[in-house]
Amino acid sequence: MEAGGQPAAPHVSVILPVHNAEAWLDECLRSVLQQDFEGSMELSVFNDASKDKSMTIIEKWKVKLEDSGILVVIGGHDSPSPRGVGYSKNQAIAQSSGSYLCFLDSDDAMMPQRVRLQHEAAVRHPTSIIGCQVRREPPNSTERYTRWINQLASDQLLTQVFTSHGPTVVMPTWFCSREWFSHVGPFDEGGQGVPEDLLFFYSHLRKGGGVVRVDQSLLIYRYHPKAATHSVLETTIWTHRVRFLEERALPHWAAFTIWNAGRQGRRLYRSLMAESRRKVVAFCDVDENKIKKGFYSYEDSEERPKPRVPILHFRAARPPFVICVKLAPLSQLDAVMNTCSSFPLDTCPHVSWLCTCPWKRW
């Protein structure tokens, strides 16, 4: 108790937005109860217009959690339509009081040591988003994406922020101080179709925030067709990624080469602002048929004469590069990795990755 008899604020608030989650809530809430963190905790639930039995399940677990010393705060609304994930997270944060925020999706479940280990990391890194490795359910879903989540080196958590995978530590694993969240946030509340996690992550990086991952599997990260991430269009993600690339990487270069003279490379070129397009000195590729064309003409350009960008064999190209390849099949990516051994691609300031994954949906 604090002076005056008021209860002390909890150390950690678990932030749980809920919308029609009855199929997973028992496992999710049980994982909150099973945390081995010795500090004080609260669970802040915001029910975003659920029409199923989610609230009944939450009320049942409220008794069990509070009997174990975990304060439960419940908010929500029963409007005809949900307000979206960003709004729900912001509301859950606003009604909570913990010094640290542990984000949890209602279809996921935490390992018992999650809060303890991430809290330790957050104390050491007060201006960082703390993530963790995950165990994907079902186990064989999004295998390559899961490997990417779990196997990025610590420096790659910052150098691979332009890829189509999105944040290099996935949102359901985030843990940070309330003070830092308030400095960066809140989440965008645009609703369905808005990648609120990606936009927050970019704002976090703009403000100099770090990215740290606890290298243990601390979350069961569930994949299913009803996940909210499926509502975000690939074209929306692409636009945000290209604009962030133009903001963070391209201003440092007077000129650059796009690695890939195929569809994705041309798409990137067309997506750039005019000022950025003028910096593209060449495309490069491994495909002789593309190289034989000699140049790419941007027919939709309003410039006269229309831009004609040379297409070079990769051995004739010069950095800096924006590597714009699909991660499946791996032929082009293998060529990049096998032939550009003169500099470490993942850390080189002359390379930005803009990989795309045709099989992944947000």
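Thresholds, definitions, all that
- Every chain begins its residue count from 1, and numbering advances along the sequence as written.
- For a predicted model such as this one, the threshold for reporting local features is a pLDDT of at least 70, and the threshold for listing and counting side-chain atom pairs is 80 or more; totals across whole chains, interfaces and linings nevertheless cover every residue.
- With hydrogens and water excluded, all non-hydrogen atoms of the structure serve as input to the side-chain values.
- Each residue gets one of three labels from its accessible area relative to the maximum for its type: buried under 20%, exposed over 50%, partly exposed in between, using a 1.4 Å probe on protein chains only.
- In this description a helix means any DSSP run of H or I spanning at least four residues, a strand means any run of E spanning at least two, and both kinds are numbered starting from the N terminus.
- Following DSSP output, two strands are said to pair if at least two bridges run between them.
- The criterion is simple. A nonpolar core is a set of buried Ala, Val, Leu, Ile, Met, Phe, Trp, Tyr and Cys residues joined through side-chain atoms within 4.5 Å.
- In this analysis, two residues are considered to be in contact whenever any of their non-hydrogen atoms come within 4.5 Å of each other.
- Each reported salt bridge corresponds to a side-chain nitrogen of Lys or Arg within 4 Å of a carboxyl oxygen of Asp or Glu.
- Planes of paired rings set the category: under 30 degrees apart is stacked, over 60 is edge-to-face and the rest tilted, where pairs are Phe, Tyr or Trp rings (Trp by its six-membered ring) whose centres lie within 6.5 Å.
- Multiplying one less than the number of residues by 1.5 Å gives the expected span of a helix.
- pLDDT runs from 0 to 100 and stands for how confident the predictor is about each residue.
- Angles run from 0 to 180 degrees between N-to-C directions of axes, and those axes are lines fitted to C-alpha atoms, restricted for helices to the stretch in contact.
- Under this scheme an angle from 65 to 115 degrees is roughly perpendicular, one under 35 degrees roughly parallel, and one over 145 degrees roughly antiparallel; angles in between are oblique.
- Left-handed is the label given to a crossing in which the near helix is rotated counterclockwise from the far helix by less than a right angle, and right-handed is the label when the rotation is clockwise.
- N or O atoms within 3.5 Å of each other form a polar contact, as long as, within protein, one can give a hydrogen and the other can take it, and as long as residues adjacent in sequence are counted only when both atoms are side-chain atoms.

## Observations regarding the pairing of strand β9 (residues 256-259)
Burial along β9 is two-sided: the residues Phe 256 and Ile 258 and Thr 257 and Trp 259 are all buried. Alignment of β9 against strand β10 (residues 280-285), held across four bridges, turns out to be parallel. Directly across from Phe 256, in β10, lies its bridge partner Val 280. Pairing of β9 with strand β13 (residues 321-323) involves three bridges; the strand directions are parallel. Each residue of the ladder has a partner; that of Trp 259, found in β13, is Ile 323.

## Details of the nonpolar core
The biggest cluster of nonpolar side chains holds 91 residues, and the ones touching the most others in it are Leu 16, Leu 43, Phe 103, Trp 174 and Leu 268. Ranked by the residues each element gives to this core, the list is headed by strand β8 (residues 210-222), at six residues. In contact with Phe 103, other than residues within four places in its own chain, are Ile 15, Ile 93, Arg 114, Met 171, Pro 172, Trp 174, Cys 176, Phe 181 and Phe 187.

## What to know about the pattern of salt bridges
Applying the stated rule across the entire model yields 11 salt bridges. The salt bridge involving Lys 62 is made with Glu 66; its shortest N-O contact spans 3.1 Å. Here Lys 62 pairs with Glu 66, and both are found in helix α2 (residues 54-67), just four residues apart, close to one helical turn. Accessibility expressed as a relative area gives 24% for Lys 62, which makes it partly exposed. Here Glu 247 makes a salt bridge to Arg 206, at a shortest N to O gap of 2.6 Å. Placement of Glu 247 in helix α9 (residues 234-248) and of Arg 206 in helix α8 (residues 196-206) is noted, with a sequence separation of 41 residues between them.

## Things to note about the environment of Leu 312
Summarising the element assignment, Leu 312 is placed in strand β12 (residues 308-313). For Leu 312, a relative accessible area of 28% puts it in the partly exposed group. Along the chain, Leu 312 and Asn 260 lie 52 residues apart, while their C-alpha atoms are 9.9 Å from each other. Ignoring anything within four residues of it in the chain, the contact list for Leu 312 reads Ala 282, Phe 283, Cys 284, Asp 285, Ile 291 and Ala 317.

## A closer look at the packing of aromatic side chains
In this structure the tally under the stated criterion is 19 aromatic pairs. Residues Phe 103 and Phe 187 carry aromatic rings whose centres are separated by 5.8 Å and whose planes lie at 90° to one another, so their mutual orientation is edge-to-face. Taken as a pair, Phe 103 in strand β4 (residues 100-103) and Phe 187 in the loop between α7 (178-184) and α8 lie far apart in primary sequence, 84 residues in all. Residue classification places Phe 187 among the buried residues on the basis of a relative accessible area of 3%. When the ring of Trp 174 is compared with that of Phe 200, the centres are 5.8 Å apart and the planes differ by 40°; the resulting orientation is tilted.

## Focus: α9
Over its 15 residues, α9 extends 21 Å from the first C-alpha to the last, a length consistent with the 21 Å expected when each residue adds 1.5 Å. For α9, the full list of buried residues reads Ile 237, Trp 238, Arg 241, Val 242, Phe 244, Leu 245 and Glu 246.

## With respect to the side chain of Thr 257
Tracing the backbone through its elements, the reader meets Thr 257 in strand β9. According to the relative accessible area criterion, Thr 257 is buried, its value standing at 2%.

## Focus on the confidence of the model for the chain
Averaged over every residue, the pLDDT of the chain is 88; the share at 70 or more is 87%. Predicted confidence is poor over residues 328-349, with pLDDT under 50, and the contacts of this stretch with residues over four places away or in other chains come to 37 contacts. This model gives residues 356-362 a pLDDT under 50, and the stretch forms 34 contacts once residues within four places in sequence are excluded.

## Observations concerning the packing of helix α1 (residues 25-33) against α2
At a closest axis distance of 10 Å, the pairing of α1 and α2 adopts a crossing angle of 20°. The angle between α1 and α2 falls in the class roughly parallel. Considering only the axes of α1 and α2, their crossing is right-handed. Between α1 and α2, the contacting residues are Leu 25, Asp 26, Leu 29, Arg 30, Val 32 and Leu 33 on the first element and Ser 54, Ile 57, Ile 58, Lys 60, Trp 61, Lys 64 and Leu 65 on the second.

## Concerning unusual backbone geometry
At the junction of Glu 137 and Pro 138, the peptide bond is cis and its omega measures out at -5° in the coordinates. Here Pro 138 lies in the loop between β6 (128-137) and α5 (143-151). Each neighbour pair has its own omega, and for Pro 319 with Pro 320 the value is 5°, a cis peptide bond. Unlike most non-glycine residues, Asn 260 shows phi in positive territory, near 130°. Its place among the elements puts Asn 260 in the loop between β9 and α10 (263-271).

## A short note on the side chain of Ser 54
Structurally, Ser 54 is set in helix α2. Taking relative accessible area as the criterion, Ser 54 reaches 0% and is therefore assigned buried. A distance of 3.4 Å separates the side chain of Ser 54 from the backbone nitrogen of Glu 22, its partner in a polar contact. A distance of 2.7 Å separates the side chain of Ser 54 from the side chain of Asp 52, its partner in a polar contact.

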